[in-house]
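This is what each chain is made of:
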Amino acid sequence: MLTVPYLPKTLASCSNSGTSTTDVTYIQNVTSSESCSNNTTEKDNVPIVDSISEDPAEWVINDLTIDRLLLKEIKQNIDYDLLSTKLEFGNKTRYLKKSVFYRKLLNGEQQLRKFLIYSRSKNAVFCIPCRLFGGSTKLATEGLMDWRNVIKIVKQHEVSKEHTNCQIVFLRRSNNIGRIDSDLCIQINNEIDYWKNVLKRVIAVIKKLGSRGLPFRGSVEKFGSQNNGNFMMCLELISEFDPFLSNHIVQHGNPGSGHTSYLSSTTCDEIITLITTQVTNVIIKEIKSAKYFSIVIDSTPDISHTDQLAYVIRYVRDDGFPVERFMCFLPNIGHKSETLETAVLSFLTKHDIDINNCRGQSYDNAANMSGIYSGLQARIVKKNPYAYYVPCAAHSLNLVGTCVAECVKEGLSFFNTIQHLYSFFSASTRRWDILKSSLTLGKKVVKRADGTRWSARHEACDSLYQNYDGIMKNLSLLEEDNFEKATTRCEAAGLRRQLDRFETVFMTVFWNTILERFNSTSKELQKVNIDLGIVVKLYESLINFITSIRNDKCFNEYVILAKKIKSEEYEFDKVRTKKRKLQADETRENEVHMTGSDKLRIETYFTILDRVKSELEKRCAAYTNTFDKYDFLTNLILLSPEEITQKANKLQELYSDDLEKSFACECVHFRAYLQSINTNIDGVIELSIHLRGNNLDTVFPNVDIALRMLLCMAITNCSAERSFSTLKRVKNYLRASMEGDKLNSLSLLAIETELVNKMDFDAIIDDFATQKSRRKPMSTRH
């Protein structure tokens, strides 16, 4: 039995249809040059040249040449530019036509004449079998150049007895049965199929474990051990239902080092690297095909306290749909804008991505990122003025909420109370059980109110609103329980008194409504399939909503809802009003005396809404200023041709290196097209998908470019933050020492699962075979 300690470079079979010249070298290494003929004219100690010219006129006809030609697919060279075959026949000029290489049958079908081949050096056609096996016609010796009669001559030749005999010899020689090393080729093919089947199972396990972010290795790398890790465990599981893998594990599972099994951790790591390389190459290829892109950067410390900078690129696929792809984690870059700039540009240079094609940047609102003078976005803009900075829309919305919550004393006190309430119940399992026992089916327990995502406070506020009475009863029970500690009883009493205030009840009802809208909007802003126009519309809708409820009528409605929980009794009315000392010329006739309701309405309700509106308008302006350049693309049907022309010309002047001067005319034409199809296309993304899906990018190329530049602009850095969740799963406390390429490879497998699942097994195996190949050129002595 032939032992194969490594894979052939191309893993192709030794059949006459697909074996490459590199496979010939492998076979010759095994058979000690059995297939070489004694009639070859090569000198001693001269290495055999694997490559044979594709030009038949340059073939040196001998047994070695014939064997090598038959081991690979002989190119007919019909893809060459046949205009170069020009010949003069009297006053007429004739060319070799591709139709010569096809035989038209009586039933109308065309059949390729595989025996014909074109020679560029001779500007002639040859017959391959007759050329190799002693034909005497021009098609076998010097080549046919009579383009005027070539079809007639070829028809006569293909039915001639000489050609038929040469064709039979050709077919017999090319068949493995007629070869000296046919048995060896069969054995090699069997070995190749065997190891390919092993690797397919190994790759399938790696792809599934990697896509889930699960660990691979255990403490013991032996089959049958309880501590051999997920990789070997999965192989063992498959082997229970797969006799092939079961037999392979029995024969090659635990033989020790030096024995090939392709089941070791070394092979696993090599395949992970190969898959990662392929996925990265696919992403880079898509980015270059899309041309325009934007970058998303964010950082976080991992479990080993190493700062990891997540690098994400957004672009538009060939089908017109925008995607955001994770590229890698860059460790210990630092937080200075200079080092961040170097890291960003170095990565683009490494992968040959032109920074001048960058059309957007999206980071959080940290000064080192968003600073207008020396922040990262300002430094990138100096390199490329078209790389517009768009602050993260979801993060900006969080900042709006944070500013508003701190603008009034009542609001700050309310959120502190919610968080204190959660901390009080969650600190003790007994208290938590008491809380859960009082809840009706489907009601929520109290939630944390100090999370990173500010809009998530809606969960905390909503849970309090649904269970207000039950929480009050639980606090009263704990306050009166003599078996509890004094500190616990005192803390429960303080929380009960705080929740017993009508102002707290009102804030619960009011903030529950506001935060529900904020939370829904925030979730929409975090989606990948969102464009700048949707962001502007969502911010404007929030502004309109806040404006609509800023009136006495809505305030009274919130009061009515609050009265269903507690009777209307304001804290301000319980306290004796302090009288201000009058000056010598003052009286108390025009003094304004506010009630508790007025104070809550004016100093809290209106103040909060005014601050929310002000912050939203300020944040929205950052997106409106950028979107105004493209807004006409979303309203082509509604705008007049004159308005479209005016706005399109402004955009063309701004991007004069990307858009042609005919852009305005294209937009007007595209408007007419949209009106004619009578189809409702909602949004820029659907417009782009329709354009690409119907191959209209060739008719409206500049419209397609404008849509790609708009859609490639990153709106949020949520994709970078999502990669942090994967980082925490991949690099946990059990794998805290993982770093560098291994960390990036496993993170990429877990994040870009869609691309990993599309990877071709054979392509990965071929790359692995090329990497493991250890062949050397051999020489022949006579």
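Residues numbered from 1 in each chain as written. Predicted model: local features only at pLDDT ≥ 70, side-chain atom pairs only at ≥ 80, totals over all residues. Heavy atoms only, no water.

1. Looking at the overall build of the protein
Helix and strand content of the protein: 31 helices and 13 strands. In the protein, the proportion of contacts linking residues at least 24 apart, taken out of those at least 6 apart, comes to 70%. By element, 50% of the accessible surface of the protein is carried by carbon and sulfur atoms, the whole surface being about 39,300 Å². (Helix = DSSP H or I, 4+ residues; strand = E, 2+ residues; numbered from the N terminus. Contact = heavy atoms within 4.5 Å. Areas by Shrake-Rupley, 256 points an atom, 1.4 Å probe, with all protein chains shown as cover.)

2. Side note on the pattern of salt bridges
Summed over all chains, the structure comprises 41 salt bridges. For Arg113, the salt bridge goes to Glu158, with nearest N and O atoms at 3.0 Å. Of the two residues, Arg113 sits in the loop between β5 (110-112) and β6 (116-119) while Glu158 sits in helix α4 (residues 150-158), which places them 45 residues apart along the sequence. Pair check on accessibility: Arg113 and Glu158 agree, each one buried. (Salt bridge = Lys/Arg side-chain N within 4 Å of Asp/Glu carboxyl O. Buried < 20%, exposed > 50% of the residue type's maximum accessible area, 1.4 Å probe, protein only.)

3. Concerning a nonpolar patch on the surface
A grouping of Met233, Leu237 and Phe241 is seen on the molecular surface, where their side chains present a nonpolar patch of about 330 Å² in accessible area. According to the relative accessible area criterion, Leu237 is partly exposed, its value standing at 45%. (Patch = residues over 30% accessible without salt bridge, like charges linked within 9 Å, V, L, I, M, F, W, Y side chains within 5 Å.)

4. Some words on the sheet that holds strand β9 (residues 307-316)
Here we have five strands laid out as an open sheet, ordered β10-β9-β8-β11-β12, and mixed in their pairing. The open sheet has two edge strands, β10 (322-331) and β12 (388-389), and neither has a second partner. As judged from the nine bridges shared by strand β8 (residues 293-301) and β9, these two strands associate in the antiparallel manner. Each residue of the ladder has a partner; that of Val296, found in β9, is Val312. Helix α29 (residues 740-751) rests against β9 and β10 of the sheet, and its axis sits at about 160° to β10. (Pairing = 2+ DSSP bridges. Axes fitted to C-alpha atoms, helices over the stretch in contact; angles between N-to-C directions.)

5. Digging into the packing of helix α13 (residues 393-405) against helix α23 (residues 596-627)
Packing of α13 against α23 leaves a shortest axis separation of 9 Å and a crossing angle of 155°. In this view, α13 runs roughly antiparallel relative to α23, as classed from their interaxial angle. Seen along the crossing, α13 lies across α23 with a hand that is right-handed. Contacts between α13 and α23 involve Ala393, Ser396, Leu397, Leu399, Val400, Cys403 and Val404 on the former and, on the latter, Ile608, Arg611, Val612, Glu615, Leu616, Arg619 and Tyr623. A breakdown of the residues in the contact of α13 with α23 according to their chemical character gives 10 nonpolar, one polar and three charged. (Parallel < 35°, antiparallel > 145°, perpendicular 65-115°, else oblique. Left-handed = near helix turned anticlockwise from the far one by under 90°. Nonpolar A, V, L, I, M, F, W, Y, C, P; charged D, E, K, R; others polar.)

6. Topic: the pairing of β6
Burial along β6 is two-sided: Leu116 and Tyr118 and Ile117 and Ser119, pointing in opposite directions, are all buried. Pairing of β6 with strand β7 (residues 124-127), which is carried by four bridges, proceeds in the antiparallel orientation. Paired with Leu116 across the two strands is Cys127, which belongs to β7. As consecutive antiparallel partners, β6 and β7 are separated by four residues, and within that stretch Asn123 has a phi angle of approximately 50°, a positive value.

7. Here's the deal with the packing of aromatic side chains
Inspection of the entire model under this criterion finds 31 aromatic pairs. Members of the aromatic cluster, each reached through a chain of ring pairs, are Phe414, Phe415, Phe506, Phe510, Trp511, Phe555, Tyr558, Tyr605 and Phe606. Between the NZ or CZ atom of Lys629 and the centre of the ring of Tyr388, over which it lies, the distance is 4.9 Å. (Phe/Tyr/Trp six-rings, centres within 6.5 Å; stacked < 30°, edge-to-face > 60°. Lys NZ or Arg CZ within 6 Å of the ring centre and 35° of its normal.)

8. Regarding the environment of Glu410
One can find Glu410 in helix α14 (residues 409-426). By relative accessible area, Glu410 is classed as buried at 17%. Along the sequence, Glu410 and Thr604 sit 194 residues apart, while their C-alpha atoms lie 6.9 Å from each other. In this structure, Glu410 is in contact with Arg501, Glu503, Met507 and Thr604, ignoring residues within four places of it in sequence. Reaching out from Glu410, the side chain makes a polar contact with the side chain of Arg501 at a distance of 3.0 Å. (Polar contact = N/O pair within 3.5 Å; in protein donor to acceptor, adjacent residues only side chain to side chain.)

9. Some remarks on the nonpolar core
Core analysis: the biggest nonpolar cluster contains 104 residues, and Phe506, Trp511, Tyr605 and Phe632 have the highest contact counts within it. Counting residues per element, this core draws most heavily on helix α19 (residues 502-525), at 11 residues. In this view, Tyr605 contacts Phe506, Phe510, Ile549, Asn551, Cys554, Phe555, Tyr558 and Leu600; residues no more than four positions away in its chain are not counted. Counting residues in each nonpolar core, the second largest holds 75 residues, with Leu245, Ile313, Tyr389 and Leu748 among its members. (Core = buried A, V, L, I, M, F, W, Y, C linked by side-chain atoms within 4.5 Å.)

10. Focus on the state of the cysteines
On inspection of all chains with the given rule, the structure shows zero disulfides. Here Cys358 is not cross-linked by a disulfide; its sulfur's nearest cysteine counterpart is in Cys712, at 7.6 Å. Cys358 gets classed as buried once you look at its relative accessible area, which sits at 0%. (Disulfide = S-S within 2.5 Å.)

11. Some points on the packing of α14 against α19
For any two helices packed against each other, the geometry is given by the interaxial angle and the distance between the axes. Contact pair α14 / α19: the axes reach a minimum separation of 10 Å and the direction vectors enclose 85°. In terms of their interaxial angle, α14 and α19 are classed as roughly perpendicular. From α14, Glu410, Gly411, Phe414 and Phe415 reach across to α19, where they touch Glu503, Thr504, Met507, Thr508, Trp511 and Leu515.

12. Notes on helix α12 (residues 376-383)
Those residues of α12 that sit buried are Leu376, Gln377, Ala378, Arg379 and Ile380. Next to the buried residues of α12 lie α10 (337-350), β11 (358-362), α11 (367-370) and β12.

13. Brief notes about unusual backbone geometry
As a rule of thumb, non-glycine residues mostly have phi less than zero, and peptide bonds are mostly trans rather than cis. Of note, the phi angle at Asn123 is positive, near 50°, even though the residue is not glycine. Following the sequence through the fold, Asn123 ends up in the loop between β6 and β7. Judged by relative accessible area, Asn123 falls into the buried class, the value being 15%. Its identity as a non-glycine residue notwithstanding, Tyr262 has a phi of 60°, on the positive side. Note on Tyr262: relative accessible area 5%, which makes it buried.

14. Description of the confidence of the model for the protein
Looking at the protein as a whole, the pLDDT averages 84, with 89% of positions reaching at least 70. Scored below 50 in pLDDT, residues 1-50 shows 122 contacts in the model against residues more than four places distant or in partner chains. Ignoring residues within four places in sequence, the model shows residues 776-782, a span with pLDDT below 50, making 22 contacts including any to other chains. (pLDDT = per-residue confidence, 0-100.)

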